[in-house]
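Fold and contact review
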Amino acid sequence: MALPWKLHGDGKNVGALEVVGPAERLTWPRMIGLGAQHVVAMFGATFLVPILTGFPPSTTLLFSGLGTLLFLLITKNRLPSYLGSSFAFIAPITVATTAEGMGSALFGIVIVGILLALVGLLVQLTGIGWINALMPPVVAGAIVALIGFNLGPAAWNNFQQAPLTATITLSAVVLASVLFKGILGRMSILVGVVVGYIAAVLLGEVNFDSVGKAAWIGLPEFNSPANPFTNPELWAILPAFLPVVLVLIAENVGHIRGVAQMVDDQSINKLTGRGLFADGFATIIAGMGGGSATTTYGENIGVMAATRVYSTAAYWVAGIVAILLGLSPKVGAVINTIPAGVLGGVTTALYGLIGIIGVKIWLDNKVDFSKPKNQFTAATALIIGIANYTWQFGDVIFNGIALGTIAAIVIYHVMNTLGRLRGTD
C-alpha cells in the first residue's frame, strides 16, 4: 500500500516562504530526524506528569505514543499533533489517589475521556459555536489559569525538600530559555531537569539501585481503573475531574485553530470534532491501562513553527519512538530516580506557566477587563482556585478547580444576561 504523503519539492530543501503541509513529507532520513525532535520536545513535559502523580512513566510514554497514532488515524492523517500527558489532570489525580488509590484516579481519567469523546461527536454533528458561547475567552482563560495556580502548594512541597537542588533547577530553566536559540531554547524545561538532575547526583540525592535491576526490554506496569459499582465512593471524586473536560476542549480547539492558521488551510478547522473525539478516545485507552490522560501539545506546535514542517509523517515517527521507549523498563526506572528537589524547581516554573497560558488567552483575545462581568468572572474564579476552596455535599467533595470552574461559567453568564436585560453591559 502506498504511503499517503507526497514529496515536497526535492524532499531536501524548504524555501524561506514555504511550508511542508500535513500531507507532504521530506526525505525519510529527514522525517525521522524531525520525528525524533518532536519526541525530545514532548519528553520534558510528558514524563513529568507520571512522576508528579505516581503513575508509571514507561506506561505513560507507551500510551502517549499509541494515543498519537490513534489521533492521526481518526483525523484522517490531516491534523499534525502529538498527544502528551495533560497537566490539567495533576490536581484531580492527586486528590483521587490520596483518597482512594490509583484505581480511582484512572476511573476519573476514563470518565473524562468518555465525556470528551462525546463532545467531539456532538461537535461533529452541530459545529463548535455552542462551545464558544459556553466558554468565551474570559471564562476559558480563567479555568486554565486557576488550574496552574492551584498546583502552587504542590511545587512548594517538593521545593522545600531540597532547596539548593530546586534553586539550581529553576535557575537552569529560566536561563536556558534566553541563552539558547532555536529548538534548545524551546526545551528549557528539559534542559532544567537535566542540569538539576546532574546537581542532585553530585549532591548524593539520587538512588540508582532500581535502574540496575530494571530490564532493557519488557512490558511496562499496567493498572486498571477501579469499579464504581462495587465501590460507590468513587463517584465522589468525579467533581474534581469534570472541569478538566473544559480545559481539554480549550486546548484541542486552540491547537487545531493554530495549525489551520500556520498552514493557511482553514478546512483543518472542520476536523475539530474528530480531534476532540480522538483525544477523548486516547484518554480512555490510557486510563484503562494505567497511563496518564492525553492532550494536544503546544511544545510540538513550537517545533513545527520553528521548522515550518507540518507533516503528519513526523508524528508517526514520534509516536513509534515513544512506544519503543515505553517498552524499556530501564528508561522508566531512570525517570523514576528524579528527586524531589528537581521536581520542585521545575514545577515552580511549569505550574506558573500553565497559569500564564490562561492569562495569554485573555491577551490574545483582547478581553476587556474594564467590564465588571469580566473582572468578577476572572477574579472570583482565580481566588477560589488558588486558595483551593472546598465544599462537601454528602460524600461528594468539590475542590478549588471544580468550584472555580463552576464560578467562572455561572458568574459570566449571569452577569452577561442581567447586563443585557438592564442595559448596563
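Residues numbered from 1 in each chain as written. Predicted model: local features only at pLDDT ≥ 70, side-chain atom pairs only at ≥ 80, totals over all residues. Heavy atoms only, no water.

Regarding the overall build of the protein
The line we're drawing: Each helix is a run of H or I in the DSSP string that is no shorter than four residues. Each strand is a run of E no shorter than two, and both are numbered from the N terminus. A radius of gyration in this sense is built from C-alpha atoms; the matching globule rule multiplies 2.2 Å by the number of residues raised to 0.38. Here the term buried applies to any residue with accessible area under 20% of the maximum for its type, exposed to any over 50%, and partly exposed to those in between, with areas from a 1.4 Å probe on protein chains only. Working rule for contacts: check all heavy atoms of both residues, and any pair within 4.5 Å makes them a contact. Accessibility throughout is a Shrake-Rupley quantity obtained with a 1.4 Å probe, and a residue counts as covered only by protein chains that appear here. Only four residue types enter the tally: Lys and Arg on the positive side, Asp and Glu on the negative side; His and the chain ends are excluded. To locate a charge, take NZ of a lysine, CZ of an arginine, CG of an aspartate or CD of a glutamate.
A tally of regular secondary structure across the protein gives 20 helices and six strands. At 21 Å, the protein has a C-alpha radius of gyration in line with the 22 Å of a compact globule built from 425 residues. Its C-alpha atoms give the protein principal-axis dimensions of roughly 65 × 50 × 50 Å. Split into buried and exposed, the 425 residues of the protein put 54% on the buried side. Across the protein, every contact between residues at least 6 apart in sequence was considered, and the portion connecting residues at least 24 apart equals 79%. A total accessible area of about 18,300 Å² is found for the protein, and carbon and sulfur atoms account for 67% of it. Distance between charge centres in the protein, computed from 20 positive and 17 negative side chains, equals 11 Å.

So, the pattern of salt bridges
Threshold: Between Lys or Arg on one side and Asp or Glu on the other, a salt bridge is scored when a side-chain nitrogen of the former is within 4 Å of a carboxyl oxygen of the latter.
Applying the stated criterion across every chain yields a total of one salt bridge. The salt bridge involving Asp364 is made with Lys360; its shortest N-O contact spans 2.7 Å. Placement of the pair is Asp364 and Lys360 together in helix H18 (residues 340-364), with a separation of four residues, close to one helical turn. Using a relative accessible area of 48% as the deciding quantity, one classes Asp364 as partly exposed.

A short note on the packing of aromatic side chains
The cut-off we apply is this: A pair of aromatic rings is counted whenever rings of Phe, Tyr or Trp (Trp by its six-membered ring) have centres within 6.5 Å, and the orientation is called stacked for planes under 30 degrees apart, edge-to-face for over 60 and tilted otherwise. Any Lys NZ or Arg CZ that is within 6 Å of a ring centre and within 35 degrees of that ring's normal is treated as a charge sitting over the ring.
Counted according to the given criterion, the structure contains nine aromatic pairs. On the basis of an interplanar angle of 75 degrees and a centroid distance of 6.2 Å, the ring pair of Phe63 and Phe222 is categorised as edge-to-face. Placement of the pair is Phe63 in helix H3 (residues 57-74) and Phe222 in the loop between helix H12 (209-213) and helix H13 (238-262), with a sequence separation of 159 residues. With a relative accessible area of 42%, Phe222 lands in the partly exposed category. On the numbers, 5.1 Å between centres and 75 degrees between planes, the contact of Trp362 with Phe369 is edge-to-face. With relative accessibility at 10%, the residue Trp362 sits in the buried group. Taken together, Phe107, Phe229 and Trp235 form an aromatic cluster joined through their ring pairs. Stacked on the ring of Trp216, the Lys or Arg Lys330 has its end atom at 5.1 Å from the ring centre.

Quick notes on the layout of surface pockets
Under the convention used in this document: Buried and open spaces are told apart on a 1 Å grid over the protein atoms alone, a cavity being a set of points where a 1.4 Å probe fits but cannot get out and a pocket being an open set with protein on both sides within 12 Å along at least five of seven lines. Residues with an atom within 4 Å of a point are the lining residues. Grid points are joined across faces, edges and corners, and a volume is the space filled by probe spheres set on the points. Following the grouping adopted for this structure description, the nonpolar residues are Ala, Val, Leu, Ile, Met, Phe, Trp, Tyr, Cys and Pro, the charged ones are Asp, Glu, Lys and Arg, and the polar ones are all others, Gly among them.
As a volume, the second largest pocket reaches approximately 580 Å³. Ala91, Thr94, Val95, Thr98 and Asn399 are, among the 31 residues lining the second largest pocket, the residues nearest its centre. Secondary-structure elements contributing two or more residues to the lining of the second largest pocket are helix H2 (48-53), helix H4 (90-100), helix H8 (152-159), H18 and helix H19 (372-387). A total of nine residues in the lining of the second largest pocket trace back to one element, the largest contributor, which is H4. Residue composition of the lining of the second largest pocket, grouped by class: 17 nonpolar, eleven polar and three charged.

Observations concerning unusual backbone geometry
At Asn77, a residue that is not glycine, the phi angle is positive and equals roughly 65 degrees. If you check the backbone angles, Lys366 has positive phi at about 50 degrees while not being a glycine.

Quick word on the packing of helix H5 (residues 102-126) against helix H14 (residues 272-289)
Helix packing for two helices is described by the angle between their axes and how far apart those axes are. To keep things clear, this is the line we draw: Axis lines are fitted through C-alpha atoms, for helices just across the contact stretch, and the angle between N-to-C directions can take any value from 0 to 180 degrees. The labels follow the angle: roughly parallel below 35 degrees, roughly antiparallel above 145, roughly perpendicular from 65 to 115, and oblique for the rest. Left-handed describes a crossing whose near helix is turned anticlockwise from the far helix by less than a right angle; the clockwise case is right-handed.
With their axes 7 Å apart at the nearest point, H5 and H14 run at an angle of 160 degrees to one another. Viewed along their axes, H5 and H14 adopt a mutual orientation that is roughly antiparallel. You can see that H5 and H14 cross each other, and the crossing is left-handed. Where H5 approaches H14, its residues Leu106, Ile109, Val110, Gly113, Ile114, Leu116, Ala117, Val119, Gly120, Leu121, Val123 and Gln124 are matched on the opposing element by Thr272, Gly273, Arg274, Leu276, Phe277, Asp279, Gly280, Phe281, Thr283, Ile284, Gly287 and Met288. Counted by class, the contact of H5 with H14 contains 14 nonpolar, eight polar and two charged residues.

With respect to the side chain of Thr283
Considering the arrangement of structural elements, one finds Thr283 in helix H14. Those residues in contact with Thr283, other than ones at most four positions away along the chain, are Ile109, Gly113, Ala293 and Thr294.

Concerning the environment of Ser224
The residue Ser224 is located in the loop between H12 and H13 in this model. We classify Ser224 as exposed; its relative accessible area is 54%. As for Ser224 and Thr294, which are separated by 70 residues in sequence, their C-alpha atoms are 17 Å apart. With near-sequence residues (within four places) excluded, Ser224 lies in contact with Gly103, Leu106 and Met288.

Observations regarding the packing of H5 against H13
Packing of H5 against H13 leaves a shortest axis separation of 9 Å and a crossing angle of 40 degrees. By the angle between their directions, the pair H5 and H13 is classed as oblique. The hand of the H5/H13 crossing is right-handed. Residues Ala105, Phe107, Gly108, Ile109, Ile111, Val112, Leu115, Leu116 and Val119 of H5 form the contact with H13, whose participating residues are Leu238, Phe241, Leu242, Val245, Leu248, Ile249 and Asn252. Across the contact of H5 with H13, the residue classes tally to 14 nonpolar, two polar and no charged.

Some words on the nonpolar core
What counts, and what does not: Throughout, nonpolar core names a set of buried Ala, Val, Leu, Ile, Met, Phe, Trp, Tyr and Cys residues whose side chains join them through atoms within 4.5 Å.
With 99 residues, the main nonpolar core has Phe47, Phe87, Phe89, Phe241 and Ile249 as its most contacted residues. If one sorts the elements of this core by residue count, H13 sits on top with twelve residues. With eight residues, the next largest nonpolar core counts Leu26, Met31, Val309 and Ala314 among its residues.

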